[in-house]
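Inside the fold
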Amino acid sequence: VQLQASGGGLVQAGGSLRLPCGVSGGTFSNYGMGWFRQAPGKEREFVAAISRSGGGYYYADSVKGRFTISRDNAKNTVYLQMNSLKPEDTAVYYCAADISGNLFYRGSAYYTAQPTYDYWGQGTQVTVSS
């Protein structure tokens with residue numbers, strides 16, 4: 001299974017970006033998907049996650065109301081729509097896949113944890129200027 005995140009770039013505060021993550025080599029519709037980010041000098045943190053069908057999703061408090069995770073199972077792609085961007089959103093953003101298919105069955109400690117995810121993309125840089 002391979003994941004390819006893209007769509008990063010430089011944007012002014014208040015702007016928007018959409019990050020797509022294409023998945024190949026597996027059955028995408030069976031995977032729960034997540035987005036994480038890592039800012040300079042900080043640990044990687046959970047951003048958002050979505051269920052196999054797209055009907056369930058969760059967000060970190062820091063992005064709730066500004067970011068939207070979605071997926072298109074016909075295109076094997078998960079998206080992260082980021083609106084009202086802030087300088088503190090500057091980070092490398094990573095997509096990740098949980099092949100168990102049970103991403104939300106064990107609570108937030110499970111779907112926010114990096115070891116839950118089996119495959120990771122290479123990351124895409126998002127820089128928000130003030």
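Residues numbered from 1 in each chain as written. Predicted model: local features only at pLDDT ≥ 70, side-chain atom pairs only at ≥ 80, totals over all residues. Heavy atoms only, no water.

1. Here's the deal with the pattern of salt bridges
For the record, the criterion: Note on definitions: salt bridges are taken to be side-chain nitrogens of Lys or Arg within 4 Å of carboxyl oxygens of Asp or Glu. Any residue under 20% of the maximum accessible area for its type is buried, any over 50% is exposed, and the rest in between are partly exposed; the area is computed with a 1.4 Å probe on protein chains only.
Overall, the coordinates contain four salt bridges when judged by the stated rule. With a shortest N-O distance of 2.7 Å, Glu45 and Arg37 are connected by a salt bridge. In this structure, the salt-bridge partner of Asp61 is Lys64, at a minimum N-O distance of 3.0 Å. Of the residues examined, Asp61 reaches a relative accessible area of 65% and is grouped as exposed.

2. A look at the sheet that holds strand 7 (residues 67–72)
We count it as follows: Any two strands between which DSSP finds at least two bridges are classified as paired. Secondary structure elements follow DSSP: runs of H or I of four or more residues count as helices, runs of E of two or more count as strands, with numbering from the N terminus. The angle between two axes is taken between their N-to-C directions and runs from 0 to 180 degrees, where each axis is a line fitted to C-alpha atoms and a helix contributes only its stretch in contact.
Taken together, four strands build an open sheet; the order of strands is 1-3-8-7 and the sheet is antiparallel. Looking at which strands have only one partner, the edges of the open sheet turn out to be strand 1 (2–5) and strand 7. Averaged over all pairs of adjacent strands, the angle between their axes in this sheet comes to 15°, without regard to strand direction. Where strand 1 lies against strand 3 (residues 17–24), four bridges are found, and the strand directions are antiparallel. The residue bridging Gln2 from the neighbouring strand is Ser24, located in strand 3.

3. Remarks on the pairing of strand 5 (residues 45–50)
In terms of burial, strand 5 is largely enclosed, as five of its six residues are buried. As paired elements, strand 4 (residues 32–38) and strand 5 share five bridges and run antiparallel to each other. Along strand 5, the bridge assignment pairs Arg37 with Glu45. Counted between consecutive antiparallel strands, the loop separating strand 4 from strand 5 contains six residues, among which Gly41 sits at a positive phi close to 75°. As paired elements, strand 5 and strand 6 (residues 57–59) share three bridges and run antiparallel to each other. Residue Ala49 lies in a different strand from strand 6, and its bridge partner there is Tyr58. Count of turn residues in the strand 5/strand 6 antiparallel hairpin: six residues, of which Gly54 carries a positive phi of about 90°.

4. Description of the packing of aromatic side chains
The line we're drawing: Classification of ring pairs rests on two measures: the distance between centres of Phe, Tyr or Trp rings, Trp counted by its six-membered ring, which must be within 6.5 Å, and the angle between planes, read as stacked under 30 degrees, edge-to-face over 60 and tilted in between.
Throughout the structure, instances matching the rule amount to nine aromatic pairs. On the numbers, 6.1 Å between centres and 55° between planes, the contact of Tyr57 with Tyr59 is tilted. Overall, Tyr59 belongs to the buried group, its relative accessible area being 18%. For the pair Tyr117 and Trp120, a centre-to-centre distance of 6.1 Å together with 65° between the ring planes defines the contact as edge-to-face. Note on Tyr117: relative accessible area 4%, which makes it buried. Overall, Trp120 belongs to the partly exposed group, its relative accessible area being 27%. An aromatic cluster is defined as three or more aromatic residues linked by ring pairs; in this entry it consists of Phe36, Phe46, Tyr58, Phe104, Tyr111, Tyr117 and Trp120.

5. Thoughts on the environment of Val92
As a reminder, the rule being used: Between two residues, a contact is recorded if the distance between any of their heavy atoms is within 4.5 Å.
The residue Val92 is located in strand 9 (residues 91–98) in this model. When its relative accessible area of 21% is taken as the criterion, Val92 is described as partly exposed. Those residues within four positions of Val92 in sequence are excluded, and the remaining contacts are Phe36, Arg37, Gln38, Gly123, Thr124 and Gln125.

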